[in-house]
Number of protein chains: 2
Amino acid sequence: MPLDPLSSTFAALADPTRRAILARLALGETSVMELAKPFDMSLPAISKHLKVLEHAGLISRGREAQWRPCRIAPASFKQADGWLGNFRRFWDESFNRLDGLLEEMKAEEAAKAPPRSNRKVRVKKEKQRGRTRG
Amino acid sequence: MPLDPLSSTFAALADPTRRAILARLALGETSVMELAKPFDMSLPAISKHLKVLEHAGLISRGREAQWRPCRIAPASFKQADGWLGNFRRFWDESFNRLDGLLEEMKAEEAAKAPPRSNRKVRVKKEKQRGRTRG
DNA sequence: CATGTACTTAGCTCATCGGTTAAATAACCT
DNA sequence: AGGTTATTTAACCGATGAGCTAAGTACATG
């Protein structure tokens, strides 16, 4: 019984070895052997991890002679990030509903104006919203 | 053996029931009974899910009489989102900052894997592969 | 064709996970 | 004290997951 895409994506991300593999792949496409080197783990274990990542849509694999180069596949990352985005207002002050609307407007404006990358403002501040506690 | 925080967070997110619980909590703090209603599942099962979410730092729980109100806890969301953010350039065109973000990420993940990987790439034939992402 | 390299599949073990029911705890209300 | 409501803990079960070793497949080259 196959899990829904979001579940298999998050499940794939829930392993430090696999996250390290992805981090490595963020630097560029590479082979299984190369990916396996940093780990004190058998090659079949790595192969399984790659299969999990591929099935989760986080990587894609090609074929080049006897090598199977792996590379990051964006779609599942985007989907996971999108899901988390629904909660962004809980930690990102600049991301409440109003700001969301404003940003959409800005994005639309920016499509006509000179492109300045300001899609997201990183705010270091962390603050609790009003809560009915005591 | 406790998992690292990022792993337990992603593992907690890898279940549709738990994600639905979080989606419900995004609408506001509520009780276990209330959270359990939409699911065709026993109460202890929900209780376990909440424990997983709490342990992952995705929710926090208070006490109000005999109720244990649950609410979203931002920190782990933020951390997961931050990790995913390291890959944002792969799908977000407006995310072109090639800072030392990857370095941070590598450092964090490499702390869990033995960094014995400084070997030269064993290139037999100067076979040029990869680098499609340049 | 034979051998080597890169990788995957098969089959096993053991731990963890998601679910169950039954019983226990905690706080409220007579 | 006794009962009701809300929630957790205990004990169990089947499925899945991460690791292993050994064997199999795909391609390259001598």
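See the structure printed just above.
Reading guide: rules and limits
Residues numbered from 1 in each chain as written. Chains lettered and ligands numbered in written order. Predicted model: local features only at pLDDT ≥ 70, side-chain atom pairs only at ≥ 80, totals over all residues. Heavy atoms only, no water. Near = heavy atom within 4 Å. Polar contact = N/O pair within 3.5 Å; in protein donor to acceptor, adjacent residues only side chain to side chain. Helix = DSSP H or I, 4+ residues; strand = E, 2+ residues; numbered from the N terminus. Salt bridge = Lys/Arg side-chain N within 4 Å of Asp/Glu carboxyl O. Nonpolar A, V, L, I, M, F, W, Y, C, P; charged D, E, K, R; others polar. Phe/Tyr/Trp six-rings, centres within 6.5 Å; stacked < 30°, edge-to-face > 60°. Buried < 20%, exposed > 50% of the residue type's maximum accessible area, 1.4 Å probe, protein only. Lys NZ or Arg CZ within 6 Å of the ring centre and 35° of its normal. Core = buried A, V, L, I, M, F, W, Y, C linked by side-chain atoms within 4.5 Å. Contact = heavy atoms within 4.5 Å.

1. A closer look at the protein's contact with DNA strand D
In the vicinity of DNA strand D there are 23 residues, among which Arg18, Lys48 and His49 of chain A together with Ser47 and Arg61 of chain B approach most closely. Arg63 of chain A has a polar side-chain atom sitting 2.9 Å from a phosphate oxygen of DNA strand D. In this structure, Val32 of chain B approaches DNA strand D through a main-chain N or O atom, which is 3.3 Å from a phosphate oxygen. Those elements that provide at least two residues to the surface near DNA strand D are α4 (43–55) of chain A together with α3 (32–36) and α4 (43–55) of chain B. Broken down by element, the residue count for the surface near DNA strand D peaks at five residues, all from α4 of chain B.

2. Quick word on the pattern of salt bridges
Counted according to the given criterion, the structure contains 13 salt bridges over all chains. Where Arg88 of chain B meets Asp81 of chain A, a salt bridge forms, and the shortest distance between an N and an O atom there is 2.5 Å. One end of the pair, Arg88 of chain B, is in the loop between α5 (74–85) and α6 (101–110); the other, Asp81 of chain A, is in helix α5 (residues 74–85), on a second chain. Here the residues in one salt-bridge network are Asp81 and Arg88 of chain A together with Asp81 and Arg88 of chain B, joined through shared partners.

3. Regarding the protein's contact with DNA strand C
If you check the shell around DNA strand C, you find 24 residues, and the closest are Ser47 and Arg61 of chain A together with Ser42, Lys48 and His49 of chain B. Of all atoms in DNA strand C that approach within 4 Å of the protein, 73% are sugar or phosphate atoms. Ser42 of chain B places a polar side-chain atom, nitrogen or oxygen, 2.6 Å from a phosphate oxygen of DNA strand C. Of all the secondary structure elements, the ones that give two or more residues to the surface near DNA strand C are α3 (32–36) and α4 of chain A together with α4 of chain B. Among the residues forming the surface near DNA strand C, the class breakdown is nine nonpolar, six polar and nine charged.

4. Brief notes about the packing of aromatic side chains
Inspection of every chain in the model, using the stated rule, returns eleven aromatic pairs over all chains. Ring geometry for Phe87 of chain A and Phe77 of chain B: centres 4.7 Å apart, planes at 25 degrees, overall stacked. Separated into two different chains, Phe87 of chain A in the loop between α5 and α6 (97–110) and Phe77 of chain B in helix α5 make up a pair that spans both. The class of Phe87 of chain A is buried, set by a relative accessible area of 2%. Residue Phe77 of chain B is classed as buried on the basis of its relative accessible area of 0%. Ring centres 6.4 Å apart and planes at 15 degrees place the aromatic pair Trp91 of chain A and Phe77 of chain B in the stacked group. Residue Trp91 of chain A is found in the loop between α5 and α6, and its partner Phe77 of chain B is found in helix α5; the two belong to separate chains. We note that Trp91 of chain A, like Phe77 of chain B, is buried. An aromatic cluster is defined as three or more aromatic residues linked by ring pairs; in this entry it consists of Phe10, Phe77, Trp83, Phe87, Phe90 and Trp91 of chain A together with Phe10, Phe77, Trp83, Phe87, Phe90 and Trp91 of chain B. In this arrangement the basic side chain of Arg89 of chain A is found over the ring face of Phe90 of chain A, its NZ or CZ atom lying 4.3 Å from the centre.

5. Remarks on the nonpolar core
Core analysis: the largest hydrophobic core is formed by 56 residues, its most contacted members being Leu22 of chain A together with Phe10 and Leu22 of chain B. The element contributing the most residues to this core is helix α2 (residues 16–26) of chain A, with five residues. Non-local contacts of Phe10 of chain B, meaning those with residues more than four positions away in its chain, are made with Phe10, Leu13, Ala14 and Arg19 of chain A together with Ala80, Trp83 and Leu84 of chain B.

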